[in-house]
Amino acid sequence: MRAKGAEMPGKDCVKVAVRVRPFNKRERDAGGRCIISMASSIITIQDPRNSQSPRSFCFDYAYWSHSGFTRDCSGLYVPEEPGGRYADQGSVFQDLGEGILENALQGYNATLLAYGQTGSGKSYSMVGYGPNKGLVPTLCDKLFQAIRANQDSRQCQVFFSMLEIYNEQVVDLLSRGSRSPGGLRVREEQQRGFYVEALRRVPCDSAPQVEQLMEQGTRMRTTATTHMNANSSRSHMLIILQLKQIFSEESITKQSNINLVDLAGSERQRVSGSEADRLKEGTAINLSLTTLGNVISALADVAVGKKVVHIPYRDSVLTKLLQSALGGNSRTVMIAALSPADICYEESISTLRYAERAKRIQNRAVVNESPTERLVKELKAENARLLQRLSRLGQEGRRAEDETKELRRLLTHNELQIRAIQTLWEQHLQEALKDWEQQYATITQERRMMQMHPYILNINEDTQLSGVVKLFIQEGEWDIGLSDSSPRSISIRGLGIQERHAVFINVQRRVYLTPLAGSNVIVNGTPISQKTELQHLDRLILGSNSTYLFIGYPSERGGDDWSRYDYDYFQSELAAAEGINLHSLCDSSAVPSQTDPSLLAVFYDYIKLMPMVAEANQMSQELHKGVEFKLEIKNLALSDSKGHDLEKEIAVRVTSLENKQVWLWSKAKFVNRKFLMEELYQQHHTERKGEGAARAPMPRDRDPFWDPLEPLLLGSAHLWLQSLAFRIALEEQLEVLGSEGTEEAILQAQLLPCSHTGLTLGEDDILIDPSELLGKRLDFQLVLDQCCGLRWVQQARNRGVQIGFRMFDSAQPLYTPAVWHNVNPLLDQRVHFTSLHTSQGLLEHLQTSALVLELWGLQEGCRDLVSSLEGVRMTPEGCFIIDHAGATETATTVDPGSELSCSLRALQQDVEELRNTNAALKTENNTLRDQLNTTRTGAEWGRGRSERRGSSLRPSCDAEFARALKVFYHSMTSVRVQLQRLRRHRPSEESDLLGLRLFVDEQGGLLRDFSELLEQSVSSLKQDVAAIVRRKRERSGIWS
Ligand SMILES: Nc1ncnc2c1ncn2[C@@H]1O[C@H](COP(=O)(O)OP(=O)(O)OP(=O)(O)O)[C@@H](O)[C@H]1O
Ligand SMILES: [Mg+2]
């Protein structure tokens, strides 16, 4: 379906098209739901978490490329049936490409931008894949057709340039010289605006020539001098086509620039406020994209009449180069690429909002006249004047001979200049064609080799860059590595690649790979150390992360589909070898299509970060930074007071190899740092090659590998609060579990219901019905006795720990004082909490939640965690007041000196005295009741006083029932502890078969204990109740 919207007001508004692609493998695996729908040019997106609020947007064009297509025999994706709704590459070109071509032929500048998150289909629309050619190659094809069709009326010249903007540096993708450090310069001229200085412009006169240049550029992008795995998701690719049309008869020249921009992936860096990186400010990551957003926003505001003081074109390289495309002299089209899947909702809605702003931008396009042509015109005019004067001089005779000579010299000079201007193009074109023929011969040669020899094929994170490099393994022995010194070496670059990395041997049509000492070679997910025979379609990882697919001899190839071996496949295989797969992350009974999307996201985060961690480790090693990075899957259930077990998160553990200091970085922080590390690493290489002046060593606080030491969250334990709701004391040995399920320590803790003064309550104060607490004061103490078996300190004695916790609605967490150098430190901490008026909220919390006790690790040189008392309310005796909802009347923020506080203290003393009197009276009352009971038991056998007896016996039965219930609640606490133990019991990551058997035995034992405890508790409750009922019946029989 290709739908065209209503014509936008004003001719030069930026036109916006939206295109939605088919599901990719990840989305299919996740059982993804399509949340995008289209009707005409209206596109609707559904929030997967809120079915009530679909959002609709209207654009100039909307393309449905999600479903309803089939692949024809030539590999083209076409609609299933003629006139079907699927929008193929052809129909997108018809709407967008032809308009651009027409504009360019008329002499307007034109720009096409592709925007969208990584993998949303930008490159598919712009460049295309295989036979499904995108807008750029088709546009070139049609352009040269048009040029040929019009060659009688005009002479045309086309110049092609291709560049990449990566980290604010401009790289010429067609340049054959060495890359200038820092990239090419962007300059500004009054007439031209911003332009890239010394950018190569290749004259072209056919579409195949342009295609070959694009291939060359893509190859350059893949193997560019950067040592990183090229990743176009973070760089912008710009193709500039300059079209010059010379209309000799009309004596005019039209010139237009066509900018074709494949933008970097638009995903936002989600950094939550608490974990913003110290080095964030210095990062240029996505600066161009952010600035583009700002420019678009400012221009959209201008379009609706808002006052805008400044449009920040100058803030980034990309916006400088696109200045004329945005709000200037250009006809501009933006194609917003969308994923259809529910898991991409956040990104898709942000893309749609971005596109909506872009469509408001108004440009002022004008037809361009070339300054070169003006010069020719001027020279011609001057010549005409000179000729006129010459003829006048001729009429005047010999007297003006000298002047005639001078005039003739000037005339010749001018004519030569005119001819030079006009022949320059021809010369350049001939040179470019010669170059092209050479390249073409290389490509033909490569195709022939592919049909003769086995080879390895590069696989890149960006599909657009995959399969660009082919390295042939001909008969004999071949070294592979950085070195290209011998004719029998295959030279590759990449992080962690050694001078001589490995050896390929091709004998008798069999290919073997042998790693050389100290080099990393992984075949199909497993590291190898010995000579290994390779099979067709084996996956190789060399060094940190150079990924290649091995293609065997043509006879072995068959008709198999290689496309399944993409970058994700390599990384998933590697993760699986480490024991990480979707099943290990979630409940193993869940089928993939029911996998929780958040777990799926964690899995894909893991395989995305895994190669980045390998690269960071390699850079750390080469730069002698002495730190090691490791991925961790954090179980967020550890900090959840209900112990819910679903959420997981990826973190990176950084360990200093020398002194075992440890840091834990969030994913966002690591990604940011990795980018800065790359920058540092590139700089280091440039300096080593002597291309730049060596810099002073980097100050520590700007070093991306370094961070100040901070306390580290090692793990947590859950102390369930239910017993407090019944005023039952609880003593526990809690397992402190690390984020990966390891036992970090055992913590001895108690919860003691107590009086206001801190006296522990006895059995008699146990409640049957927790709601009795409502509105009353509740006091209890948390006692942290000791920590045993601290793994953190076992690993390095110079460490310490603290315990942190936050009770119910306390404003701040509290921390125990730091204890150092001890594996089994005594904590001996007692904290008194008070709820002045127990609220329903607190009661529910006590019955359903746990206090999360966090174990914090301290390292030498890091500051202790300090409890802040800001906003904390306390009683005059120093009890921490919780449950503020219920404590509005009596509680007050502590200000010991205030008058109010003094009178409050006096009042509280009075209340305390009254309470004491009350307690004394209660005791007396109890004694009296006991005496009365004794008298009554003696008299029970008598008859004739049934009425009085009946009424006085009822409380006695209730008391028995209450006692039975108390016993039951007590035993339920142990049952719950056992249940928690069962829940947390998991096999260790490295378990072999024997380990698993042991685990099953232990699990069986735990289950048995659990069911015995449960049975016992229930049956004793039943017995007690039965006995009470029996007794009651007996008694009523006696009484009746
Ligand atoms: N309209 C479409 N029809 C069929 N396949 C598509 C379509 N759009 C995208 N794809 C496929 O989706 C994958 C990702 O597309 P593409 O490489 O264009 O993404 P991208 O937006 O350029 O990503 P990046 O930001 O990483 O460069 C490719 O394998 C491509 O073939
Ligand atoms: Mg791309």
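Please read these numbers as outputs of a predicted model, since none were measured by experiment.

### So, the overall build of the protein
From N to C terminus, the protein includes 21 helices and 43 strands. Counting the 1040 residues in the protein, one finds 48% classified as buried. A fraction of 69% describes how many contacts in the protein between residues 6 or more apart in sequence connect residues 24 or more apart. Summed over its atoms, the accessible surface of the protein is roughly 52100 Å², and 51% of this surface lies on carbon and sulfur atoms.

### Details of the side chain of glutamine 245
Summarising the element assignment, glutamine 245 is placed in strand β17 (residues 236–247). Overall, glutamine 245 belongs to the buried group, its relative accessible area being 0%. Engagement of the side chain of glutamine 245 in a polar contact is seen with the backbone oxygen of leucine 105, the distance being 2.8 Å. Side-chain polar atoms of glutamine 245 contact the side chain of arginine 154, separated by 2.5 Å. If we skip the residues at most four places from it in the chain, glutamine 245 touches Ala104, Leu105, Gly107, Arg154, Gln155, Cys156, Ile252, Thr253 and Lys254.

### Details of the site of ligand 1
In the vicinity of ligand 1, 19 residues are found, and the nearest of them are Gly119, Lys122, Ser123, Tyr124 and Tyr129. Between ligand 1 and serine 120, the relevant distance is 3.2 Å, taken from an oxygen atom to a main-chain nitrogen or oxygen of the residue. Within the contact set of ligand 1, an oxygen atom lies 2.8 Å away from a side-chain nitrogen or oxygen of lysine 122. Notes on ligand 1: free accessible area 630 Å², of which the protein chains cover 85%.

### Describing the packing of aromatic side chains
As enumerated under the stated definition, the model contains 15 aromatic pairs in all. The interplanar angle of 35° and the centroid separation of 4.8 Å between the aromatic rings of phenylalanine 69 and tyrosine 86 together place this pair among those described as tilted. Taken together, the residues phenylalanine 69 in strand β7 (residues 69–71) and tyrosine 86 in the loop between β8 (77–79) and α2 (89–106) connect sequence positions 17 residues apart. Centroid distance phenylalanine 629 to tryptophan 665: 5.8 Å. Interplanar angle 55°. Geometry classified as tilted. A residue pair is termed long-range when its members are at least 10 positions apart, and phenylalanine 629 in strand β31 (residues 627–635) and tryptophan 665 in strand β33 (residues 662–666) qualify at 36 residues. Following the ring pairs from residue to residue traces out a cluster consisting of Phe629, Trp665, Phe670 and Phe705. Over the ring of phenylalanine 59 we find lysine 359, and its NZ or CZ is 5.3 Å from the ring centre. Its guanidinium or amino end placed over the ring of tryptophan 792, arginine 799 lies 3.7 Å from that ring's centre, counting from NZ or CZ.

### Thoughts on the sheet that holds strand β32 (residues 648–656)
Pairing between sheet strands relies on hydrogen bonds along the backbone, with the strands arranged either parallel or antiparallel. In spatial order, the strands read β31-β32-β33; together these three strands make up an open sheet with antiparallel pairing. The outermost strands of the open sheet, each flanked by one partner alone, are β31 and β33. The mean angle between the axes of side-by-side strands here comes to 30°, regardless of whether they run parallel or antiparallel. Pairing of β31 with β32, which is carried by nine bridges, proceeds in the antiparallel orientation. Bridging across to β32, valine 627 finds its partner in serine 656. Taken strand by strand, helix α15 (residues 667–688) contacts β31, β32 and β33, and its axis lies near 100° from that of β33.

### What to know about the environment of proline 611
One can find proline 611 in helix α14 (residues 597–622). The exposure class of proline 611 is buried, given its relative accessible area of 4%. The sequence separation of proline 611 and serine 544 amounts to 67 residues, and the corresponding C-alpha distance is 7.2 Å. Apart from the residues lying within four places of it in its own chain, the contact partners of proline 611 are Asn545, Tyr567 and Gln571.

### A few points about the UniProt feature "binding site: ATP" (unreviewed entry) in the protein
In this structure's numbering, the residues bearing the UniProt feature "binding site: ATP" (unreviewed entry) are Gly116, Gln117, Thr118, Gly119, Ser120, Gly121, Lys122 and Ser123. By relative accessible area, which is 12% here, glutamine 117 ends up buried. Residue contacts for glutamine 117: discarding those within four places in its chain leaves Lys122, Gly265, Ser266, Glu267, Ala337, Ser339, Cys344, Glu347, Ser348 and Thr351. On the secondary structure map, threonine 118 appears in the loop between β9 (110–115) and α3 (122–126). Residue classification places threonine 118 among the partly exposed residues on the basis of a relative accessible area of 33%.

### Structural notes on the confidence of the model for the protein
The predicted model of the protein averages 83 in pLDDT, with 83% of residues at 70 or higher. Across residues 889–901 the pLDDT falls below 50, and counting only partners more than four positions away or on other chains, this stretch makes 17 contacts in the model. In this model, residues 938–955 is a region of pLDDT below 50 whose contacts with residues beyond four sequence positions or in other chains number eleven contacts.

### Some words on the sheet that holds strand β20 (residues 455–458)
Within the open sheet, the six strands sit side by side as β21-β20-β30-β29-β26-β27. Their pairing is antiparallel. Whereas interior strands pair on both sides, the edge strands pair on one side only; in this sheet they are β21 (470–472) and β27 (526–527). Against the sheet, helix α12 (residues 567–577) makes contact with β26 (521–523), β29 (539–542) and β30 (546–551), and its axis sits at roughly 80° relative to β29, the strand it touches most.

### A closer look at the packing of α2 against helix α4 (residues 135–149)
In a pair of packed helices, the angle between the axes and the distance between the axes together describe the arrangement. Where α2 meets α4, the axes come as close as 10 Å, and the angle between the chain directions of the two elements is 45°. When the interaxial angle is binned, α2 and α4 end up oblique. Classified by chirality, the crossing of α4 by α2 is right-handed. On α4, the residues that touch Val92, Phe93, Leu96, Gly97, Ile100, Leu101 and Leu105 of α2 are Leu135, Thr138, Leu139, Lys142, Leu143 and Ala146. Here the residues of the contact of α2 with α4 are counted per class, giving ten nonpolar, two polar and one charged.

### Structural notes on the pattern of salt bridges
Evaluated as defined, the whole model comprises 26 salt bridges. The partner of arginine 673 in a salt bridge is aspartate 707, and the shortest N-O contact between them spans 3.0 Å. Of this pair, arginine 673 sits in helix α15 while aspartate 707 sits in the loop between α15 and β34 (712–720), and the two are 34 residues apart along the sequence. Look at arginine 673 and you get buried, because its relative accessible area is 0%. Three or more residues joined by partner-sharing salt bridges are found here, namely Asp47, Arg49 and Glu346.

### Re α4
Between its first and last C-alpha atoms α4 spans 21 Å; for 15 residues at 1.5 Å apiece the expected length is 21 Å, and the two agree. Of all the residues in α4, the buried ones are Leu135, Val136, Pro137, Thr138, Leu139, Cys140, Leu143, Phe144, Ala146 and Ile147.

### Description of the packing of helix α6 (residues 287–303) against helix α8 (residues 345–358)
Following both chains from N to C, one finds α6 and α8 inclined at 45°, their axes separated by 8 Å at the closest point. Taken together, α6 and α8 sit at an angle that is classed as oblique. Where α6 crosses over α8, the handedness of that crossing is left-handed. Note on element contacts: α8 touches α6 through Tyr354, Arg357 and Ala358, opposite Leu289, Leu292, Gly293, Ile296, Ser297 and Ala300. Among the residues forming the contact of α6 with α8, the class breakdown is six nonpolar, two polar and one charged.

### A look at α8
Here α8 is 14 residues long and its end C-alpha atoms lie 20 Å apart, about the 20 Å a rise of 1.5 Å per residue gives. Burial runs high along α8: ten of the 14 residues are buried. Tyr345, Glu347, Ser348, Ile349, Ser350, Thr351, Leu352, Tyr354, Ala355 and Ala358 are the residues of α8 that are buried. Of the surrounding secondary structure, the elements contacted by the buried residues of α8 are β2 (15–20), β4 (42–47), β5 (50–58), β9, α6 and β19 (331–338).

### A few points about unusual backbone geometry
Positive phi values are uncommon outside glycine, yet serine 40 reaches one of about 55°. For serine 40, the position within the fold is in the loop between β3 (36–39) and β4. Residue class for serine 40 comes out partly exposed when judged on its relative accessible area of 46%. Residue aspartate 828 is not a glycine yet carries a positive backbone phi of 50°.

### Examining the side chain of serine 161
Residue position: serine 161 is located in strand β12 (residues 155–166). Serine 161 gets classed as buried once you look at its relative accessible area, which sits at 4%. A polar side-chain atom of serine 161 sits 3.0 Å from the main-chain carbonyl oxygen of arginine 200. Sequence-distant contacts of serine 161, that is, excluding residues within four places in its chain, are made with Leu174, Leu199, Arg200, Arg201, Leu238, Ile239 and Ile240.

### Some points on the pairing of strand β25 (residues 510–515)
Alignment of strand β24 (residues 502–507) against β25, held across six bridges, turns out to be antiparallel. By the bridge assignment, isoleucine 505 is partnered in β25 with tyrosine 512. Once β24 ends, the chain turns through two residues before running back antiparallel as β25, passing glutamine 508 with a positive phi of about 45°. Alignment of β25 against strand β28 (residues 532–534), held across three bridges, turns out to be antiparallel. The partner of tyrosine 512 across the bridge, within β28, is glutamate 533.

Parameters and conventions
Residues numbered from 1 in each chain as written. Chains lettered and ligands numbered in written order. Predicted model: local features only at pLDDT ≥ 70, side-chain atom pairs only at ≥ 80, totals over all residues. Heavy atoms only, no water. Helix = DSSP H or I, 4+ residues; strand = E, 2+ residues; numbered from the N terminus. Buried < 20%, exposed > 50% of the residue type's maximum accessible area, 1.4 Å probe, protein only. Contact = heavy atoms within 4.5 Å. Areas by Shrake-Rupley, 256 points an atom, 1.4 Å probe, with all protein chains shown as cover. Polar contact = N/O pair within 3.5 Å; in protein donor to acceptor, adjacent residues only side chain to side chain. Near = heavy atom within 4 Å. Phe/Tyr/Trp six-rings, centres within 6.5 Å; stacked < 30°, edge-to-face > 60°. Lys NZ or Arg CZ within 6 Å of the ring centre and 35° of its normal. Pairing = 2+ DSSP bridges. Axes fitted to C-alpha atoms, helices over the stretch in contact; angles between N-to-C directions. UniProt positions renumbered as here; feature names shortened; annotations may be inferred. pLDDT = per-residue confidence, 0-100. Parallel < 35°, antiparallel > 145°, perpendicular 65-115°, else oblique. Left-handed = near helix turned anticlockwise from the far one by under 90°. Nonpolar A, V, L, I, M, F, W, Y, C, P; charged D, E, K, R; others polar. Salt bridge = Lys/Arg side-chain N within 4 Å of Asp/Glu carboxyl O. Expected span 1.5 Å × (residues − 1).

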